[in-house]
Amino acid sequence: MFTPLPSAAAWTHHEARTGFEVTYFRDGERGVLIEGCATAVEDGLAWAIDYRLRVDGSWHTRSAQITGRYPDTRRSLTLQSDGLGRWQLDGTPAPELDGCLDVDLEASACTNALPVHRLGLTVGDAADAPAVYVRAADLGVIRLPQHYRRITDGAGQRYDYRAPTLDFQATLDYDEAGLIVDYPGLARRHA
């Protein structure tokens, strides 16, 4: 298992984009509140994404409020879940997301901690973890199939990660609190 979350964490984004992310954690009687902001330049587009995620005591995402700021506009999005994998997108049922228990923000390295905490895999175990994926450039939402397989630990837990829709796979390293330390090609933890 993991140690308690720190009060804050920060990552620099590199290679795929240039930017920075800061996240704050607050434990409560009903779960964890995760608030953060990621700013970056990617493919010539500058953006800032503010997010507020609530996860319950079992690490099922229950809500997400996301605001994207762009050179010419501002967009907002609200996701609500019953905790069993049924979602509403801005108050409208979104059956295409049924079965997803996590939110994965393209703008955030932090959100890859959600399924790892929720799944509690031991070395050698693997699980599919489809997520509600929110793109950074336009806050578009899709269902993202993901697969995590826990491999032999290093300084912390390590996972082989695959997202076939994005044609992406990598080995992800996590610290003792279950936060990503190194996300190859995307981000590195600094605080």
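The structure under discussion appears in the preceding block.
Each value, and the rule that gives it
Residues numbered from 1 in each chain as written. Predicted model: local features only at pLDDT ≥ 70, side-chain atom pairs only at ≥ 80, totals over all residues. Heavy atoms only, no water. Helix = DSSP H or I, 4+ residues; strand = E, 2+ residues; numbered from the N terminus. Rg over C-alpha atoms; globule rule 2.2 N^0.38 Å. Buried < 20%, exposed > 50% of the residue type's maximum accessible area, 1.4 Å probe, protein only. Contact = heavy atoms within 4.5 Å. Areas by Shrake-Rupley, 256 points an atom, 1.4 Å probe, with all protein chains shown as cover. Lys, Arg positive; Asp, Glu negative; His and termini not counted. Charge placed at Lys NZ, Arg CZ, Asp CG, Glu CD. Pairing = 2+ DSSP bridges. Axes fitted to C-alpha atoms, helices over the stretch in contact; angles between N-to-C directions.

Let's talk about the overall build of the chain
Here's step 1: Broken down by element type, the chain carries 1 helix and 17 strands.
Here's step 2: Taken over the C-alpha trace, the chain has a radius of gyration of 15 Å; the compact-globule value for 191 residues is 16 Å, and the two agree within 12%.
Here's step 3: Seen along its three principal axes, the alpha-carbon backbone of the chain occupies a region of about 45 × 35 × 35 Å.
Here's step 4: Across the 191 residues in the chain, those meeting the buried criterion constitute 50%.
Here's step 5: Considering only contacts in the chain between residues 6 or more positions apart, those separated by 24 or more positions represent 43%.
Here's step 6: Summed over its atoms, the accessible surface of the chain is roughly 8,900 Å², and 49% of this surface lies on carbon and sulfur atoms.
Here's step 7: In the chain, 19 positive and 27 negative side-chain charges are present, and the distance between their average locations comes to 3 Å.

Some points on the sheet that holds strand S11 (residues 131-134)
Here's step 1: Reading across from one edge, S9-S11-S12 is the order of the 3 strands in this open sheet, with mixed pairing throughout. Every interior strand has two partners, whereas the edge strands, strand S9 (102-105) and strand S12 (141-144), have only one. Averaged over all pairs of adjacent strands, the angle between their axes in this sheet comes to 30°, without regard to strand direction.

A word on the pairing of strand S6 (residues 74-81)
Here's step 1: Where strand S5 (residues 61-69) and S6 come together, 7 bridges link them in antiparallel fashion. The partner of Arg69 across the bridge, within S6, is Arg74.
Here's step 2: Linkage of S5 to S6, two consecutive antiparallel strands, is achieved through a turn of 4 residues.
Here's step 3: Across 3 bridges, S6 lies against strand S7 (residues 87-89) in antiparallel orientation. When the bridges of S7 are listed, Gln80 appears paired with Gln88.
Here's step 4: Count of turn residues in the S6/S7 antiparallel hairpin: 5 residues, of which Gly83 carries a positive phi of about 85°.

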